[in-house]
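Reading the structure
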Amino acid sequence: MALEVRLAETSALSADVSVVALPVLAGDDGPALLGGEATVPGRELPDRLDTAWCERQGFTAKLGQSATLEASPGAAKVVLVGLGKADGVGPERWRRLAAAVVKLAGRESSAALVLPVPLVDPVAVGAALTEGAVLASYRFGVYQGAVAPPALEQLLLVGPAGDDGALREGIRKGTVTADAVSFARDLVNTAPSDLTPTLLAERVVARLDGLAHTSVEVWDEPRIEAERLGGLLGVARGSSEPPRLIWGEYAPPGAEGRAHVVIVGKGITFDSGGLSLKTADGMTTMKTDMSGAAAVLSALSACAALEVPVRVTAIAPCTENMPGSRAIKPGDVLTARNGATIEVLNTDAEGRLVLADGLSLAVELQPDAIIDLATLTGAAVVALGRSIACLFSSDDELATRVRAASDRAGEPLWPMPLPEEYADHIDSEIADMKNTGAAGQAGSIAAAMLLARFTGSVPWVHLDIAGPARSAENSGYLTKGGTGFGVRTLLEVLGSYGTD
């Protein structure tokens, strides 16, 4: 059961709340309670924290750091939680603070977070706190019957008078967003034999069925052949599991006069590398290779509840990449949906082949923007590590919008170039292009430049999420395994069209 976040009165803290958390800012004169003071039933708190006591505790109020005040008999434990310096407090700080509170609560069933001062944007704060708390409590226990879920069942937010309505709306939005991220994590964490393209499609249909203004259809192999998706069919040839293309749409009331954004996600449900076989170690996390599809489909599932103001189409080409007897071979040539030919020199560079078809379909819709997400290249991890995704774009305005959304979402992106002088890296002697770049050089750029050839004149952003799609450890509101990276950014982007 997911953690519940709800609004509460200060008086509610005197009953059934074992832990009360107080945000503390770091300052030049030492840690200080947010707003300078706070009220906790059964406790008298100083207007300012004792600097000497903080020094003895080693408490400087850096983000996520904590210190516990001496407990009064029968009273809730009061914990100070660092929010960092006053400058730059934004949604991501609140997410990480809420995650720290969840971890501090341990096996307690109920905790509270006191916000004693009026907030600049209580909707955004409420949403961020809810996301951080719910995602920090996420557990994937499908295959571990003996693993107990986290004990914390509810987090109470106690806000200042006048912010109740806005905080409540923030909690609602944060709950919807965190649920979508959790669904993406569930998909990514599921064993690959339990999430074949067919089974992935079934779970997505079940998720989207009945949602307001939302529809979904699944293309089977005959339909994929009829639609001439040569890249997807080529990658699928080596597997006994048939491919699927998942096509979802969200059309709010009055959709005809609204902007239209197409989101495309790579859906390789398991990647062995094909005949260009990965190492045994290299395959251990390859169920993660459908993280792009998980992100776009999960984001679509939240559009109705968040009342996203634009039309959204989600396209997810899904297949396994296996080395079966019918698998494509290095040297084969595939023809994508738009008629362009691709020489396959490395069957482990398959993501760009299926995305070529997905992007071709997206362009035919003549949307206002296309955003694709894919765990596309190991070179992205080499360049930016496992916390930051690469951003490539054909349009500066769209890139700025997406990056601003990622800042609000707490999902860092870094802009990468598409230099024309590298265009010949993917030139082929026998086809329109090849699916590999220059050996040992600019691997992420080469992949993005191939994708760019399938986006026409439509403003386009490509996010290579190979690094942050999976976490190797429990950290903050991340748990080991799939992270659901990209869901929050997509929802922020889609929502931003209503604030222009």
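Structural data are supplied above this passage.
Per-chain numbering applies: the sequence of each chain, read as written, is numbered from 1 onward. Where totals are concerned, whole chains, interfaces and linings use all residues; where local detail is concerned, this predicted model gives features only for residues with pLDDT of at least 70, and gives and counts side-chain atom pairs only at 80 or more. Only hydrogens and water are removed before side-chain values are computed, so all heavy atoms of the structure are retained for them.

Quick look at the overall build of the protein chain
Which entries qualify depends on this criterion: Secondary structure elements are taken from DSSP: a helix is a run of H or I of four residues or more, a strand is a run of E of two residues or more, and numbering for both begins at the N terminus. For the radius of gyration, the atoms used are the C-alpha atoms, and the globule rule reads 2.2 Å times the number of residues raised to 0.38. Relative accessibility under 20% of the residue-type maximum defines a buried residue, over 50% an exposed one, and the middle range a partly exposed one, all with a 1.4 Å probe and only protein chains included. Residue-level accessible areas treat just the shown protein chains as cover; the underlying method is Shrake-Rupley with a 1.4 Å probe. The sign given to each residue is positive for Lys and Arg and negative for Asp and Glu; His and the chain ends receive no count. Think of each charge as sitting on NZ of Lys, CZ of Arg, CG of Asp or CD of Glu.
Each helix and strand in the protein chain was counted, giving 14 helices and 21 strands. A compact globule built from 500 residues should have a C-alpha radius of gyration of about 23 Å, and the protein chain, at 24 Å, falls within 12% of that. A principal-axis box enclosing the C-alpha atoms of the protein chain has dimensions of 80 × 50 × 45 Å. Expressed as a percentage of its 500 residues, the buried residues of the protein chain come to 56%. Summing over all exposed atoms, the protein chain offers an accessible surface of approximately 20200 Å²; the carbon and sulfur share of this is 49%. Side-chain charges of the protein chain comprise 41 positive and 61 negative groups, with the mean position of each set lying 4 Å from the other.

Points about the nonpolar core
What counts here: Among buried residues, those of type Ala, Val, Leu, Ile, Met, Phe, Trp, Tyr and Cys that are joined through side-chain atoms within 4.5 Å constitute a nonpolar core. We call two residues in contact whenever any of their non-hydrogen atoms come within 4.5 Å of each other.
Trp94, Leu113, Leu129, Val312, Ile371 and Val402 are the most contacted members of the largest nonpolar core, which totals 91 residues. The greatest single-element share of this core, amounting to 10 residues, is contributed by helix α4 (residues 164–189). Every residue in contact with Leu129, bar those within four places of it in the chain, is listed here: Trp94, Leu97, Ala98, Leu113, Leu115 and Leu157. The next biggest cluster of nonpolar side chains, apart from the first, holds 47 residues, and it includes Val264, Leu361, Cys390 and Leu451.

Points about the pattern of salt bridges
Keep this limit in mind: Salt bridge, as applied in this entry: a Lys or Arg side-chain nitrogen positioned within 4 Å of an Asp or Glu carboxyl oxygen.
Scanning the model with the defined rule gives 17 salt bridges in all. Its salt-bridge partner being Asp332, residue Arg237 comes within 3.7 Å of it at the nearest N-O pair. Residue Arg237 is located in the loop between α7 (230–236) and β9 (244–250), and its partner Asp332 is located in the loop between β12 (311–321) and β13 (333–335); the two are separated by 95 residues in the primary sequence. Given a relative accessible area of 28%, Arg237 falls into the partly exposed group. When salt bridges with common partners are traced through the structure, they connect Glu92, Arg95, Glu131, Glu411 and Arg488 into a single cluster.

As for the environment of Val382
Assignment of secondary structure puts Val382 in helix α11 (residues 378–384). Sequence separation between Val382 and Gly467 is 85 residues, and the spatial gap between their C-alpha atoms is 8.7 Å.

A word on the packing of aromatic side chains
Threshold: A pair of Phe, Tyr and Trp rings is counted when the ring centres sit within 6.5 Å of each other, with Trp represented by its six-membered ring. The angle between the planes then sorts it: under 30 degrees is stacked, over 60 is edge-to-face, the rest tilted. Charge-over-ring placement is defined geometrically: NZ (Lys) or CZ (Arg) within 6 Å of the ring centre, and within 35 degrees of the ring normal.
Under the definition given, this model contains 2 aromatic pairs. Arranged with centres 6.0 Å apart and planes meeting at 65 degrees, the rings of Phe140 and Tyr143 form a pair that is edge-to-face. Across the ring face of Phe183, the terminal group of Arg207 is positioned such that the distance to the ring centre comes to 4.5 Å. The residue whose ring lies beneath Arg401 is Tyr497, and the NZ or CZ to ring-centre distance is 3.9 Å.

Let's talk about the sheet that holds strand β14 (residues 341–343)
Condition: Note on pairing: DSSP must find at least two bridges between two strands before they are called paired.
Ordered in space as β13-β14-β18, the 3 strands form an open sheet in which the pairing is mixed. Every other strand in the sheet has two partners, leaving β13 and β18 (433–434) as the edge strands with one partner each. With 3 bridges joining them, β13 and β14 adopt antiparallel strand pairing. Paired with Leu334 across the bridge in β14 is Ile342.

A closer look at helix α10 (residues 351–364)
Each turn of an α-helix holds 3.6 residues, which means side chains three or four residues apart point in the same direction. Applicable threshold: One fewer than the residue count of a helix, multiplied by 1.5 Å, yields its expected span.
Taking 1.5 Å as the rise per residue, α10 with 14 residues should run 20 Å; its terminal C-alpha atoms sit 20 Å apart, in good agreement. Burial runs high along α10: 12 of the 14 residues are buried. Gln366, located one to two residues past α10, shows a positive phi value of around 50 degrees.

Here's the deal with helix α12 (residues 396–409)
Rules: Here, the arc refers to the directions that run from the helix axis to the C-beta atoms. In the analysis that follows, any N or O atom pair within 3.5 Å is treated as a polar contact, provided that within protein one partner can donate a hydrogen and the other can accept it, and provided that, for residues neighboring in sequence, both atoms belong to side chains.
The terminal C-alpha atoms of α12 lie 20 Å apart, and with 14 residues this matches the ideal 20 Å at 1.5 Å per residue to within 8%. Taken together, the buried positions of α12 are occupied by Leu398, Ala399, Arg401, Val402, Ala405, Ser406 and Ala409. Across the axial projection of α12, the buried residues extend over an arc of 160 degrees, all falling on one side. Opposite its buried face, α12 presents the exposed residues Asp396, Glu397, Thr400 and Asp407, each directed more than 90 degrees away. Buried-residue contacts for α12 involve α2 (91–105), β15 (369–374), β16 (389–393), β17 (413–415), β19 (460–464) and α14 (487–496). You can read the cap of α12 off the contacts: a side-chain oxygen lies 3.2 Å from the backbone nitrogen of Glu397, and it is on Asp395. Phi for Gly410, located one or two positions after α12, is positive at around 75 degrees.

Considerations on the pairing of strand β7 (residues 154–158)
Counting buried positions over the 5 residues of β7 gives 5, a clear majority of the element. Neither face of β7 is exposed, since Gln154, Leu156 and Val158 on one face and Leu155 and Leu157 on the opposite face are all buried. Here 4 bridges tie strand β1 (residues 4–7) to β7, and the two strands are oriented parallel to one another. Each residue of the ladder has a partner; that of Leu7, found in β7, is Leu157. Of the pairings in the sheet, the one linking strand β6 (residues 110–114) to β7 comprises 5 bridges and is parallel in character.

Structural notes on unusual backbone geometry
Its identity is not glycine, yet Arg228 carries a phi of approximately 60 degrees, on the positive side. Summarising the element assignment, Arg228 is placed in the loop between α6 (221–226) and α7.

A short note on the side chain of Thr214
Here Thr214 shows up in strand β8 (residues 214–219). The class of Thr214 is buried, set by a relative accessible area of 13%. Each residue touching Thr214, except ones within four places of it in the same chain, is listed here: Leu208, Glu249, Tyr250 and Ala304.

What about the packing of α12 against α14?
For clarity, the threshold we go by: Axes here mean lines fitted to C-alpha atoms, for a helix over just the part in contact, with angles spanning 0 to 180 degrees between N-to-C directions. Working definition: roughly parallel below 35 degrees, roughly antiparallel above 145 degrees, roughly perpendicular at 65 to 115 degrees, and oblique for all remaining angles. A crossing counts as left-handed when the near helix is turned anticlockwise from the far one by less than a right angle, and as right-handed when that turn is clockwise. By the convention adopted, Pro, Cys, Tyr, Trp, Phe, Met, Ile, Leu, Val and Ala count as nonpolar, Lys, Arg, Asp and Glu as charged, and the other residues, Gly among them, as polar.
One way to put it is that α12 packs onto α14 with a least axis distance of 8 Å and a crossing angle of 125 degrees. Taken as axis vectors, α12 and α14 run oblique relative to one another. The handedness of the crossing between α12 and α14 is right-handed. Here Arg401, Val402, Ala405, Ser406, Arg408 and Ala409 of α12 lie close against α14, whose contacting residues are Arg488, Thr489, Glu492, Val493 and Ser496. Grouping the amino acids of the contact of α12 with α14 by side-chain chemistry returns 4 nonpolar, 3 polar and 4 charged.

Here's the deal with the side chain of Thr319
As for its placement among the helices and strands, Thr319 is situated in strand β12. On the accessibility criterion, Thr319 (0% relative accessible area) is buried. Non-local contacts of Thr319, meaning those with residues more than four positions away in its chain, are made with Pro197, Leu232, Val235, Ala236, Pro243, Gly267, Ile268, Thr269, Phe270 and Val354.

Geometric values such as these leave the question of function open.
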